[in-house]
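What the coordinates show
The residues making up each chain are set out below.
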Amino acid sequence: RFRQTHAGELTMPTTNKKLLLLIQKHKLSSQDVADALHVTRSAVEKWRQAEGNQSHNAMPEGLLELLEIKLLVWDIDEEFNGGNTAEARPLTYLA
C-alpha cells in the first residue's frame, strides 16, 4: 500500500485520491456514491475536495473499501450478464 517518492519517503495514497479514481473510472456522480454508501451527497462532496481545501474531509477507509467491493460486484455482474446491465441498473441496486 505504501509508495516511495523520488526523495525516498514512503507515502500512502489517500482514500480521497482513490475515491476520485473510482469516480472517474466508473463515471459515478457524487449522488451515486452517496446512495451506494448510505451517506449524504454533501459528505461525498467534502471527500472530493483537495486536501488543502477548507471543506476537505478524509473519507473513512472502511467506506472506501465498501465502495470498492460494491463496484467489483457490479463489474462482475455486468460481465456475467454480457455487459447489458449497466444502463438498466444503477449502482444503487447494491445499496
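Up top is the structure these notes are about.
Residues numbered from 1 in each chain as written. Predicted model: local features only at pLDDT ≥ 70, side-chain atom pairs only at ≥ 80, totals over all residues. Heavy atoms only, no water.

A word on helix α1 (residues 15–26)
Its twelve residues give α1 an end-to-end C-alpha distance of 16 Å, which sits within 8% of 16 Å, the value for a rise of 1.5 Å per residue. In the stretch just after α1, Lys27 is the one whose phi turns positive, near 55°. (Helix = DSSP H or I, 4+ residues; strand = E, 2+ residues; numbered from the N terminus. Expected span 1.5 Å × (residues − 1).)

Quick look at the side chain of Asn16
By secondary structure assignment, the location of Asn16 is in helix α1. Accessibility expressed as a relative area gives 5% for Asn16, which makes it buried. A polar side-chain atom of Asn16 sits 2.8 Å from the main-chain carbonyl oxygen of Asn57. Discounting chain neighbours no more than four positions away, the residues touching Asn16 are Lys46, Trp47, His56, Asn57, Ala58 and Met59. (Buried < 20%, exposed > 50% of the residue type's maximum accessible area, 1.4 Å probe, protein only. Polar contact = N/O pair within 3.5 Å; in protein donor to acceptor, adjacent residues only side chain to side chain. Contact = heavy atoms within 4.5 Å.)

Overview of the environment of Asp75
Within the element layout of this structure, Asp75 appears in helix α4 (residues 61–80). Through-space distance from the C-alpha of Asp75 to that of His26 is 9.5 Å; in sequence the pair is 49 residues apart.

Quick notes on the nonpolar core
Counting residues in hydrophobic clusters, the biggest one holds 15 residues, and the most contacted among them are Leu19, Val33, Leu37, Trp47, Met59, Leu67 and Leu71. Only α1, α2 (30–37), α3 (41–48) and α4 provide two or more residues apiece to this core. (Core = buried A, V, L, I, M, F, W, Y, C linked by side-chain atoms within 4.5 Å.)

Section: the packing of α2 against α3
With their axes 8 Å apart at the nearest point, α2 and α3 run at an angle of 120° to one another. By the angle between their directions, the pair α2 and α3 is classed as oblique. In the crossing of α2 with α3, the sense of the turn from one axis to the other is right-handed. Every residue of α3 that contacts α2 at Ser30, Gln31, Val33, Ala34 and Leu37 is listed here: Arg41, Val44, Glu45, Trp47 and Arg48. Its residues assigned to classes, the contact of α2 with α3 comprises five nonpolar, two polar and three charged. (Axes fitted to C-alpha atoms, helices over the stretch in contact; angles between N-to-C directions. Parallel < 35°, antiparallel > 145°, perpendicular 65-115°, else oblique. Left-handed = near helix turned anticlockwise from the far one by under 90°. Nonpolar A, V, L, I, M, F, W, Y, C, P; charged D, E, K, R; others polar.)

Looking at unusual backbone geometry
If you check the backbone angles, Lys27 has positive phi at about 55° while not being a glycine. Position of Lys27 relative to the elements: it lies in the loop between α1 and α2. Here Lys27 falls in the exposed class, since its relative accessible area comes to 74%.

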